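An overview of the molecular structure
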Amino acid sequence: MPKKIAKEVLNPYSKKMIEITPDLTVGDIIRSGQYGEFADYIFTDMTPDHWNNQLSVYGYETTGIEKALHRMQELASDGEEYIHYIYGDEERMANWDKKNVCLLHFPGPVENRPYFLIIPGGALNRQWGLIEGQAIAAKINELGYSAFVLFYRTKQEPVMNKALEDMYEAIRYIEARATDFHVLSGRYILGGFSAGAILAQEIGIRNLGWQQQGVPKPEMVFLGYTACLFKEWYQTWKTLKNSNPAKEDSAVFLRKMGGPQFTLESLEPYQIQEYIDESYPPVYLVCNRDDKIVGVESTLCLDHCFTEMQVPHITRIGRAGGHSFGLENGLEVEGWLEEAVRFWNDMTSSKG
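The structure reproduced in this document is the subject of the present report. Computed from a prediction, not measured in an experiment: that's the story for all the values here.

**Observations regarding the overall build of the protein**
Across its full length, the protein carries 16 helices and 8 strands. Taking 352 residues into account, the globule formula puts the C-alpha radius of gyration at 20 Å, and the protein, at 20 Å, falls close to it. The principal-axis extent of the C-alpha atoms belonging to the protein is close to 60 × 55 × 45 Å. Going through the 352 residues of the protein one by one, you find that 55% of them count as buried.

**Notes on a negative patch on the surface**
Taken together, the side chains of Glu 37, Asp 40, Asp 78, Glu 80 and Glu 81 present a region of like negative charge at the surface. Tracing the backbone through its elements, the reader meets Glu 81 in the loop between α5 (65–76) and β1 (83–85).

**What about the nonpolar core?**
Within the largest apolar cluster, 61 residues are counted, with the highest numbers of intra-cluster contacts made by Leu 103, Leu 117, Leu 150, Met 167, Ile 203 and Met 257. The element contributing the most residues to this core is helix α8 (residues 160–176), with 9 residues. Once you skip the residues sitting within four places of it in the chain, Leu 150 turns out to touch Val 101, Cys 102, Leu 103, Leu 117, Ile 118, Ile 119, Pro 120, Gln 127, Asp 166, Met 167 and Ala 170. Within the second largest apolar cluster, 57 residues are counted, among which are Ala 39, Met 72, Cys 102 and Val 333.

**What about the packing of helix α7 (residues 129–142) against helix α16 (residues 336–350)?**
Interhelical geometry of α7 versus α16 gives an angle of 55 degrees and a closest axis separation of 11 Å. Comparing their axes, α16 and α7 come out oblique. Note on packing geometry: the crossing formed by α7 with α16 is right-handed. Together, Ile 136, Lys 139 and Ile 140 of α7 and Trp 336, Leu 337 and Glu 338 of α16 make up the contact between the two elements. For the contact of α7 with α16, a count of residues per class yields 4 nonpolar, no polar and 2 charged.

**Concerning the pattern of salt bridges**
Scanning all chains against the criterion turns up 19 salt bridges. In this structure, the salt-bridge partner of Glu 219 is Arg 187, at a minimum N-O distance of 2.6 Å. With Glu 219 in the loop between α11 (210–213) and β6 (220–224) and Arg 187 in strand β5 (residues 183–193), this pair connects stretches of sequence that are 32 residues apart. By relative accessible area, Arg 187 is classed as partly exposed at 30%. Within this structure, Glu 91, Asp 97, Lys 98, Arg 153, Lys 162, Glu 165 and Asp 166 form a network of salt bridges that share partners.

**Comments concerning the sheet that holds strand β2 (residues 102–106)**
In spatial order, the strands read β1-β2-β4-β3-β5-β6-β7-β8; together these 8 strands make up an open sheet with mixed pairing. Taken across any chain shown, the strands that pair with only one partner, and hence form the sheet edges, are β1 and β8 (313–318). Averaged over all neighbouring strand pairs, the angle between strand axes comes to 20 degrees, with direction disregarded. Pairing geometry for β2 and strand β4 (residues 146–151), over 5 bridges, is antiparallel.

**A word on the side chain of Glu 219**
Classification of Glu 219 as buried rests on a relative accessible area of 16%. Within the local environment of Glu 219, its side chain forms a polar contact with the side chain of Arg 187, the two groups lying 2.6 Å apart. Filtering out sequence-adjacent residues up to four positions away, Glu 219 remains in contact with Arg 187, Tyr 188, Pro 282, Trp 344 and Thr 348.

Criteria and thresholds
Residues numbered from 1 in each chain as written. Predicted model: local features only at pLDDT ≥ 70, side-chain atom pairs only at ≥ 80, totals over all residues. Heavy atoms only, no water. Helix = DSSP H or I, 4+ residues; strand = E, 2+ residues; numbered from the N terminus. Rg over C-alpha atoms; globule rule 2.2 N^0.38 Å. Buried < 20%, exposed > 50% of the residue type's maximum accessible area, 1.4 Å probe, protein only. Patch = residues over 30% accessible without salt bridge, like charges linked within 9 Å, V, L, I, M, F, W, Y side chains within 5 Å. Areas by Shrake-Rupley, 256 points an atom, 1.4 Å probe, with all protein chains shown as cover. Salt bridge = Lys/Arg side-chain N within 4 Å of Asp/Glu carboxyl O. Lys, Arg positive; Asp, Glu negative; His and termini not counted. Charge placed at Lys NZ, Arg CZ, Asp CG, Glu CD. Core = buried A, V, L, I, M, F, W, Y, C linked by side-chain atoms within 4.5 Å. Contact = heavy atoms within 4.5 Å. Axes fitted to C-alpha atoms, helices over the stretch in contact; angles between N-to-C directions. Parallel < 35°, antiparallel > 145°, perpendicular 65-115°, else oblique. Left-handed = near helix turned anticlockwise from the far one by under 90°. Nonpolar A, V, L, I, M, F, W, Y, C, P; charged D, E, K, R; others polar. Pairing = 2+ DSSP bridges. Polar contact = N/O pair within 3.5 Å; in protein donor to acceptor, adjacent residues only side chain to side chain.

Right, here's the structure in full:
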């Protein structure tokens, strides 16, 4: 019964691993004391609604959060450090917003293999880490690889430029310590979801990509329900009446992209489709047609651009499943991550 489970969970001195069930609340999980520093990243910028929600609210079986929670339990219990702040102590002290920028490390079962860097979404306002970060990382461990989940800067206006800085600094951080992390330097896959996908997709473009930042080119990029039609979004926002609540809802995100007085010019650098060429890394795109938060049109637009530029890619679109679906177990695009990994393996093996 839920109440009995909750009592067991609330004992922080229990040596027994808690039983993960859909009836547990996020607060139960965090208060259990069995997640160490990982507890701070179940949900960032916690609010009472999330604290009190049962895990079933988030798609307990479909998103893959059960295995994510078990994997974090395992790691937290072995006494090693898995939270890595990517900026130095002096820089973090001098820049308040860099203080909490970090990587969660999920070591894989086999050493000296390529690694995955995962960027959760959250509308540039928070990180939806459990579903779009840790659940993906736990599955990648199952597939035999190490994974890192990036928690980047959010909330500021603008913050997109700073979050991109964090992404590139995270790559540099891992690359500089590849031997310590037991991963192959220069060989990685970058993936993101929603706002995290907006960050990840920029790595391949001419104006803001890997070549300008002096980091290795990723061997593949995977993008979950990404957005790219910012100019169209701006034009829609402009036509809405001030009395329409949708106008301010749109403005909140556009300010994080282009600043408090955002304009077409301030949004233009992130308009990925205008900066794609044949050098873009292979791409795996996934989304659902019934996504009411980020429309399928962005994924279709990128599919067209990659086709036109002859960039190797796979586009997987489900009919139903909405937004923030994680692994989407039991639904139409189930197995998308395994397919993406096979695609990457096929692409790398074809190069010899």
